[in-house]
Amino acid sequence: SDVANTTSPGPKSKEEQVANGHDEKESNPFAEYMWMENEEDFNRQVEEELQEQEFLDRCFQEMLDEEEQDWFIPSRDLPQGVGQLQQQLNGLSVADGHSSEDILSKSTLNPDAKEFVPGVKY
């Protein structure tokens, strides 16, 4: 590689410049092809980058597929009749025109009862 980097004495006359096919100003006429000197390393590096990108793409696709499976999509995850039932339930309202005082006056619940706490025995 040292031989390729050293500059040889340039041509002396215009005829020599034309015969060589490059200007005196160019230090190395093969500079744009120097990557070919280490072509195997270059190819290996490009191949590793492509494999890494392919691996990352597969990982992202797997992650998206897993997320899609975990999401609850009613049109996909519920049987046909349940979706219609869900729409009907969404249309219902709780208030039937009764005020809260009416409900409390008709209630048979004990307002002085202790609050239920799971796991506690009375």
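Values in this document were obtained by computation on a predicted structure and should not be read as measured data. (Residues numbered from 1 in each chain as written. Predicted model: local features only at pLDDT ≥ 70, side-chain atom pairs only at ≥ 80, totals over all residues. Heavy atoms only, no water.)

> Help me understand the overall build of the protein, please; the structure alone is not making it clear to me.
When its secondary structure is counted, the protein shows six helices and zero strands. Counted from the first residue to the last, the protein has its helices and strands arranged as α-α-α-α-α-α. On the protein, roughly 12,000 Å² of surface is accessible, and the fraction owed to carbon and sulfur atoms is 53%. (Helix = DSSP H or I, 4+ residues; strand = E, 2+ residues; numbered from the N terminus. Areas by Shrake-Rupley, 256 points an atom, 1.4 Å probe, with all protein chains shown as cover.)

> Sorry, what's going on with the pattern of salt bridges here?
Here the idea is simple: oppositely charged side chains can pair when their charged atoms come close. Evaluated as defined, the whole model comprises three salt bridges. Linking Glu48 and Arg44 is a salt bridge whose minimum nitrogen-to-oxygen distance equals 3.5 Å. With Glu48 and Arg44 both in helix H3 (residues 39–70) and four residues apart, the pair spans about one turn of that helix. Across the salt bridge formed by Arg58 and Glu54, the nearest N and O atoms sit 3.3 Å from each other. One end of the pair is Arg58 and the other is Glu54, both in helix H3 and four residues apart, which spans about a single turn. The structure contains a network of salt bridges with shared partners spanning Asp41, Arg44 and Glu48. (Salt bridge = Lys/Arg side-chain N within 4 Å of Asp/Glu carboxyl O.)

> What is the right way to read the confidence of the model for the protein from this model?
Low pLDDT means the predicted atomic positions in that stretch should not be read closely. For the protein, the mean per-residue pLDDT works out to 75, and 69% of the residues sit at or above 70. In the model, residues 15–19 has pLDDT below 50 throughout and makes four contacts with residues more than four positions away in sequence or in other chains. (pLDDT = per-residue confidence, 0-100. Contact = heavy atoms within 4.5 Å.)

> So what exactly am I meant to see when it comes to a negative patch on the surface here?
Negative charge collects at one region of the surface, where Glu62, Asp65, Glu66, Glu67, Glu68 and Asp70 lie side by side. Within the element layout of this structure, Glu66 appears in helix H3. (Patch = residues over 30% accessible without salt bridge, like charges linked within 9 Å, V, L, I, M, F, W, Y side chains within 5 Å. Lys, Arg positive; Asp, Glu negative; His and termini not counted. Charge placed at Lys NZ, Arg CZ, Asp CG, Glu CD.)

> I would appreciate a short explanation of a nonpolar patch on the surface in the present structure.
A cluster of nonpolar side chains, namely Phe30, Tyr33, Trp35, Met36, Phe42, Val46 and Leu50, defines an oily patch on the protein surface of about 710 Å² accessible area. Topologically, Val46 is positioned in helix H3. We classify Val46 as partly exposed; its relative accessible area is 32%. (Buried < 20%, exposed > 50% of the residue type's maximum accessible area, 1.4 Å probe, protein only.)

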